[in-house]
Amino acid sequence: MSTSLEIARASYRDLRLYSAEAAPCDIDLSDNTNLWGTPPAAARALHELADAGVTRYPAAYAAPLKEAIAAYVGVDASWIVTGCGSDDILDSAIRAFAEPGDRLAFCAPTFAMIPIFARLNGVEVLPVPMAAGWDIDAEALTRADARIIYVCSPNNPTGTIASRATLERVIASAPGLVILDEAYAEFAEESHLDLTAASERVLVARTMSKAFGLAGLRVGYAVGAPALVAEVEKSRGPYKVSIAAERAAVAALTHDRAWVADHVAVARASRARLGESLRTLGLAPLPSDANFILVPVPRAAHVAKRLRERGVAVRAFEALPSIGDALRITVGPAPTMDRALAALEAALACA
Ligand SMILES: *Cc1c(COP(=O)(O)O)cnc(C)c1O
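Now for a quick tour of the structure. (Residues numbered from 1 in each chain as written. Predicted model: local features only at pLDDT ≥ 70, side-chain atom pairs only at ≥ 80, totals over all residues. Heavy atoms only, no water.)

A short note on helix α4 (residues 113-120)
Of the residues making up α4, those classed as buried are Met113, Ile114, Phe117 and Ala118. Each buried residue of α4 lies within a common arc of 135° when the element is viewed along its axis, so the set occupies one face. Those residues of α4 hidden inside the fold are in contact with α3 (85-97), β3 (103-108), β4 (124-129) and β5 (148-152). Positioned one or two residues after α4, glycine 122 has a phi angle of 70°, which is positive. (Buried < 20%, exposed > 50% of the residue type's maximum accessible area, 1.4 Å probe, protein only. Helix = DSSP H or I, 4+ residues; strand = E, 2+ residues; numbered from the N terminus. Arc of directions from axis to C-beta. Contact = heavy atoms within 4.5 Å.)

Listed below in structure tokens is the structure:
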């Protein structure tokens, strides 16, 4: 299908839609969502939605949600900006801090949406290689003279983390904004959210889509100095979080924290078991601090197809920088992982 509509923006001509696998699959380990279900208080809030006054607009700048997030992360509400998923935050932040033609640098491979959001905002991307041991490369990132440096830790798709010392070096010499994407913070040993207090250039993006199990409601947020988040909010615009999303997210942040913490603990144990099982199959998975594992596998797309025929969806990557072909596998409950591993063993045998 031709997309070259004459009247369309020229720089969008050869942009394609982000293609998430549409066909449903029995076991879906492809998108790092919470496979243990909806947090109970969030589910109750959604059931009670009929009384929530959906004929009215939600709060323009999500004040009740900001309060709940602020209490969860331990800052004042003036340090929070929310959005329609953290995707919305990342897109808005790029638009707010870079002019068209400016540059955004990141260590590759990283979150696949970043080059897309950069491009949508007319911003050039400069991928640099990761450092040894899967850390980010502070010198390469800061040498790039980029208006925005994007760091994802734990990183999607590798699952690996940026070290505190390296992050501090990046922040100390960054010429512009540093976005730290902590979508998987709950699964990691350490968060670097406190870096926002040390520098007005640091924006930490988080999401309710992963550990909190609310991907379908699209709630993301970021933490940063009040003047910084105000710029993101300006570029994002009002009314981006629906009443349904706000009610469920506030309920989860207020009443479901123990539920989330319990399932994070189970997910970590499941991650350790998955890593061992992959090594038993003769594979060499990367160390992960997230709720997924990246495992290099030759002909990954082919193996993923064989897996899909066996009812298991994973995410295949081809020719990742310094990794090659690999599969990214979300961790879930033990019986699900047992079925997925049996399917993987079979798929590898006939690959
Ligand atoms: C999933 C993911 C997001 C997007 O989360 P939403 O809040 O659902 O938009 C952002 N960053 C990374 C690294 C992710 O993996």
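Moving on from the model shown.
Thoughts on the pattern of salt bridges
Considering all chains together, one arrives at 12 salt bridges under this definition. For the salt bridge of arginine 119 with aspartate 14, the shortest nitrogen-to-oxygen distance reads 3.2 Å. Residue arginine 119 is found in helix α4, and its partner aspartate 14 is found in the segment before β1 (27-28); the two are separated by 105 residues along the sequence. Measuring nitrogen to oxygen at the nearest pair gives 2.9 Å for the salt bridge that ties glutamate 233 to lysine 66. Separated by 167 residues along the polypeptide, glutamate 233 in helix α8 (residues 226-236) and lysine 66 in helix α2 (residues 63-73) bring together distant segments of the chain. As far as the burial class goes, glutamate 233 and lysine 66 line up, both buried. Each of Arg164, Glu168 and Asp194 takes part in a single network of salt bridges with overlapping partners. (Salt bridge = Lys/Arg side-chain N within 4 Å of Asp/Glu carboxyl O.)

With respect to the packing of helix α11 (residues 300-309) against helix α12 (residues 334-349)
Closest axis-to-axis distance for the α11/α12 pair is 9 Å, and the angle between their directions is 125°. As the angle between them shows, α11 and α12 are arranged oblique. The hand of the α11/α12 crossing is right-handed. Contacts between α11 and α12 involve Val303, Arg306 and Leu307 on the former and, on the latter, Ala340, Ala343, Leu344, Ala347 and Leu348. (Axes fitted to C-alpha atoms, helices over the stretch in contact; angles between N-to-C directions. Parallel < 35°, antiparallel > 145°, perpendicular 65-115°, else oblique. Left-handed = near helix turned anticlockwise from the far one by under 90°.)

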